[in-house]
Amino acid sequence: MLNPLYVRSGYWISIWEFLHSPFIRKQGNIYKPNNKDMDNDSLNEKTMEDVHTKEIDLVNRDPKHINDDVVKVDFEDVIAEPAGTYSFDGVWKASFTTFTVTKYWCYRLLTALVGIPLALIWGIFFAILSFLHIWAVVPCVKSYLIEIHCVSRVYSICVHTFCDPLFEAMGKCFSSIRIRLTKEV
């Protein structure tokens with residue numbers, strides 16, 4: 001039995017090899033999508049970013065600086081002792097440690113309890129918002145623009161047919177009016 005061959009990317013491959021070979025991403029490893037082990041031909045091609053398998057940065061968790069001015073509250077921003085009214089050094093250190101540790105662990109506890117359900121709710125909300133925008137808002141706006149274009153053509157024809165001769169006639173009538181100002185002393 002003959003094994004039909006096909007050309008793909010300059011290489012001959014058989015149908016059996018094509019059907020039974022595992023899928024290999026050209027962008028690299030699924031866990032490291034920015035893998036640089038790509039051949040020169042694929043670097044020149046337009047590649048799409050796979051948003052579901054991108055790496056998560058565990059160090060810089062706000063790369064777009066969304067919450068820089070909102071939630072940066074340190075001990076010095078909340079509690080400050082003016083000059084001449086100092087508490088004991090031990091009390092100041094214990095207050096600082098208590099505030100910092102309480103804020104840190106309370107935030108972690110709240111994110112552990114409420115973070116995942118809220119992420120689910122926000123994911124559903126933005127999925128619905130994206131769906132409505134893609135499947136309802138944009139088509140409605142496009143159809144409105146198409147319909148308005150037809151109406152504007154008819155309106156333009158009506159204006160040019162009825163209003164232009166009237167305005168031209170009025171312009172010719174009023175063009176012969178001359179106004180002269182004289183100053184009497």
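Computed from a prediction, not measured in an experiment: that's the story for all the values here. (Residues numbered from 1 in each chain as written. Predicted model: local features only at pLDDT ≥ 70, side-chain atom pairs only at ≥ 80, totals over all residues. Heavy atoms only, no water.)

### Overview of the confidence of the model for the protein
Per-chain confidence: the protein averages 78 in pLDDT, with 71% of residues scoring 70 or above. When pLDDT is averaged over each element of the protein, helix H4 (residues 89-175) comes out on top at 94 and strand S1 (residues 5-8) at the bottom at 45. Counting contacts from residues 35-46, a segment whose pLDDT is below 50, to residues more than four positions away or on other chains yields eight contacts. (pLDDT = per-residue confidence, 0-100. Helix = DSSP H or I, 4+ residues; strand = E, 2+ residues; numbered from the N terminus. Contact = heavy atoms within 4.5 Å.)

### Here we look at H4
Taking 1.5 Å of rise per residue, the 87 residues of H4 would be expected to cover 129 Å, yet its terminal C-alpha atoms sit only 91 Å apart, more than 12% below that figure. Val114 marks the point of greatest bend in H4, at about 45°, and the proline Pro117 comes within the next four residues. (Expected span 1.5 Å × (residues − 1). Bend = angle between axes of the 7 residues up to and from the residue.)

### Considering the packing of aromatic side chains
Where two aromatic rings form a pair, the distance of their centres and the angle of their planes describe that pair. Following the criterion strictly, the structure yields seven aromatic pairs and no others. The interplanar angle of 75° and the centroid separation of 5.2 Å between the aromatic rings of Phe125 and Phe126 together place this pair among those described as edge-to-face. On the basis of relative accessibility, which here comes to 47%, the residue Phe126 falls in the partly exposed class. Three or more aromatic residues joined by ring pairs make a cluster, and in this case those are Phe75, Trp92, Phe96 and Phe99. The ring of Trp105 carries Arg108 above its face, with NZ or CZ at 5.5 Å from the centroid. (Phe/Tyr/Trp six-rings, centres within 6.5 Å; stacked < 30°, edge-to-face > 60°. Buried < 20%, exposed > 50% of the residue type's maximum accessible area, 1.4 Å probe, protein only. Lys NZ or Arg CZ within 6 Å of the ring centre and 35° of its normal.)

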